[in-house]
Amino acid sequence: ESDMAYVTNGMIGVDLTAVTPALLNGAASTTDGVGAKYTLGTRVAGDNNSEYIYVQAGEAISTTTKEPYALAVDENFQAKKITKALAISGHIIAVAPRQIIADNAYFWACTRGTNIPLRVAASCAADVNLWTTATAGRLDDTSGASHRVVLGIKIVLAASASTSAAQTIRNAIITNTLVPELIA
């Protein structure tokens, strides 16, 4: 499945759901951006006031299309599934597309928008602040010592108590994200 988003700023050839393997002379690239179709960090505007940033996976992000995880994107535009440590490091908060994303692959991550698919924890409530969890990339409505709040992302319909991936993907609204610990 895809979120069916499209580019509205006139940049030609962008497929916001595409994932491109990192290949350099037939071998997998390292996390240096070599072989990227676009410059890492390029931003495009999408429909419904959405925004996407071109990144490289700094780790394997998803193995199925049912894992649109929350991400932390560092200063070199390397994306990893968000954790407490990454959340408080000042990275860009984004959401992966509903695609299989291997380590070092290139893709467009959503940094702002509405109705963006996001994998959350089972029984996650709607319209509340979301927190990092012990499961990298998955947000929840539960606070705790091992969690950090990520302001600016909310789901619009509560997740089922079922832990099946299909029951824990919910549409999210992403605005200007912020982790309060970063405020000086």
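Scroll up to find the structure.
The present account deals with the structure reproduced in this document. This one's a predicted model, so the numbers in the text were calculated from it and none came from an experiment.

The next subject is the overall build of the chain. Looking only at helices and strands, one finds 1 helix and 12 strands in the chain. Reading the secondary structure of the chain in the N-to-C direction produces β-β-β-β-β-β-β-α-β-β-β-β-β. Across the 184 residues of the chain, 46% fall into the buried class. Taking all contacts inside the chain whose residues are at least 6 apart in sequence as the whole, residues at least 24 apart take part in 61%. For the chain, the exposed surface amounts to about 8,400 Å²; the carbon and sulfur share of it is 52%.

Attention now goes to unusual backbone geometry. One non-glycine residue with positive phi stands out, namely Phe77, at about 65°. Taking relative accessible area as the criterion, Phe77 reaches 23% and is therefore assigned partly exposed. Residue Ser123 is not a glycine yet carries a positive backbone phi of 65°. Within the element layout of this structure, Ser123 appears in the loop between strand S9 (106-119) and strand S10 (130-131). Classification of Ser123 as partly exposed rests on a relative accessible area of 43%.

Along the chain, Gly113 turns up in strand S9. By relative accessible area, which is 4% here, Gly113 ends up buried. Between the C-alpha atoms of Gly113 and Thr175, which are 62 residues apart in sequence, the distance is 6.7 Å. Excluding residues within four positions of it along the chain, Gly113 makes contact with Asn48, Asn49, Ser50, Ala172, Ile173 and Ile174.

According to the stated counting rule, one finds 4 aromatic pairs in the structure shown. Ring geometry for Tyr38 against Trp108: centres 5.3 Å apart, planes inclined by 55°, an arrangement best described as tilted. Of this pair, Tyr38 sits in the loop between strand S3 (27-28) and strand S4 (43-46) while Trp108 sits in strand S9, and the two are 70 residues apart along the sequence. With relative accessibility at 2%, the residue Trp108 sits in the buried group. Judged by centre distance (6.0 Å) and plane angle (15°), the rings of Tyr54 and Tyr106 are stacked. Pair noted here: Tyr54 is in strand S5 (residues 50-57) and Tyr106 is in strand S9, with a separation of 52 residues, a long-range link. Neither residue differs from the other here; Tyr54 and Tyr106 are each classed as buried. Clustering of aromatic rings is evident, with ring pairs tying together Tyr38, Tyr54, Tyr106 and Trp108.

Reading the values: rules and limits
- Residues numbered from 1 in each chain as written.
- Predicted model: local features only at pLDDT ≥ 70, side-chain atom pairs only at ≥ 80, totals over all residues.
- Heavy atoms only, no water.
- Helix = DSSP H or I, 4+ residues; strand = E, 2+ residues; numbered from the N terminus.
- Buried < 20%, exposed > 50% of the residue type's maximum accessible area, 1.4 Å probe, protein only.
- Contact = heavy atoms within 4.5 Å.
- Areas by Shrake-Rupley, 256 points an atom, 1.4 Å probe, with all protein chains shown as cover.
- Phe/Tyr/Trp six-rings, centres within 6.5 Å; stacked < 30°, edge-to-face > 60°.

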